[in-house]
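The chain contents come next:
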Amino acid sequence: MIITIDGPAGAGKSTASRRLAERLGFGVLDTGAMYRAVGLAAVRAHIDLDNAQGLETLLKTLHLETPADRVVLNGEDVTTAIRTAEASAASSVVAVMPVVRRRLVEWQRAAGQERNLVCEGRDQGTVVFPDAACKFFLVADPGERARRRQREMEVRGEFVDWKVLLQAIEERDRRDAARDLAPLVPAVDAVLLDTTRLTLDEVVAQMEAVVRQRL
Ligand code: DC
């Protein structure tokens, strides 16, 4: 069984999907981490991020694993490396490339064959798993999302101005929503949840209630 959680960066998808998965005994598929890993690999290989041919060749050499909350790229743990500003920006550029989306969608569907999953990303309910049992679309005010990202980074000892983060988030939103392929839109049958004024516990409780009702 597949549950999808889509929405923009900072809407609370990652933590909420992990908690929900724990409560239901499901695995988690963090598809943003997959795009980040491809972005990081492209930067490291000095491949232009819009070079379809180069990316296609690169993808053939990539082996991605996502064991419990970690991301392992060709045997190297890149969990932290994919969270830098550079990797974030690169991920949203490679994410518009059809060759990248095609390959990652294949990997995601294959993962969905193996076990019950909570899949989080931008296109999980619309493109990757249109028949998912339950779909959510999380949103939150950009200012609040920037604050959340700032707190996350502070925990890692990185101090970035809120306005800079807000700008980056708005820029990424524009790119994610404007692209032709798998743009960031809610599935028609997704449950919309605005998390701006909700605690994490409240978000998870609301989602769990919907899932249990559907089951
Ligand atoms: O959720 P995130 O911030 O880790 O995602 C990183 C980038 O990948 C983001 O710019 C959007 C893109 N992405 C996507 O296009 N499709 C997905 N299913 C997940 C992420």
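Quick note: structure is the one above.
For clarity, every value in this text was computed on a predicted model and none was experimentally measured.

Our next topic: the environment of R36. Turning to its location among the elements, R36 is positioned in helix 2 (residues 31–44). The class of R36 is buried, set by a relative accessible area of 7%. When the C-alpha positions of R36 and R83 are compared, they lie 7.7 Å apart, and in sequence the two are 47 residues distant. In contact with R36, other than residues within four places in its own chain, are I82, R83, S88, S91, R149 and R172.

Take the site of the ligand next. For the ligand, the set of nearby residues contains 16 residues, the closest of which are R36, S92, R101, R122 and D123. Within the contact set of the ligand, an oxygen atom lies 2.8 Å away from a side-chain nitrogen or oxygen of R101. Here D123 contributes a side-chain N or O atom positioned 2.8 Å from a nitrogen atom of the ligand. The fraction of the free accessible surface of the ligand (450 Å²) that becomes covered by protein chains is 98%.

A word on the environment of G157. Turning to its location among the elements, G157 is positioned in the loop between helix 7 (142–155) and helix 8 (162–178). In this structure G157 comes out as partly exposed when scored by relative accessible area, which is 45%. Along the primary structure G157 and D50 are separated by 107 residues, whereas in three dimensions their C-alpha atoms are 32 Å apart.

This part is about the state of the cysteines. Tallied over the entire structure, the rule returns zero disulfides. Left unpaired, C119 is separated from the closest cysteine sulfur, that of C134, by 12 Å. On the accessibility criterion, C119 (0% relative accessible area) is buried.

Procedures and definitions
Residues numbered from 1 in each chain as written. Predicted model: local features only at pLDDT ≥ 70, side-chain atom pairs only at ≥ 80, totals over all residues. Heavy atoms only, no water. Helix = DSSP H or I, 4+ residues; strand = E, 2+ residues; numbered from the N terminus. Buried < 20%, exposed > 50% of the residue type's maximum accessible area, 1.4 Å probe, protein only. Contact = heavy atoms within 4.5 Å. Near = heavy atom within 4 Å. Polar contact = N/O pair within 3.5 Å; in protein donor to acceptor, adjacent residues only side chain to side chain. Areas by Shrake-Rupley, 256 points an atom, 1.4 Å probe, with all protein chains shown as cover. Disulfide = S-S within 2.5 Å.

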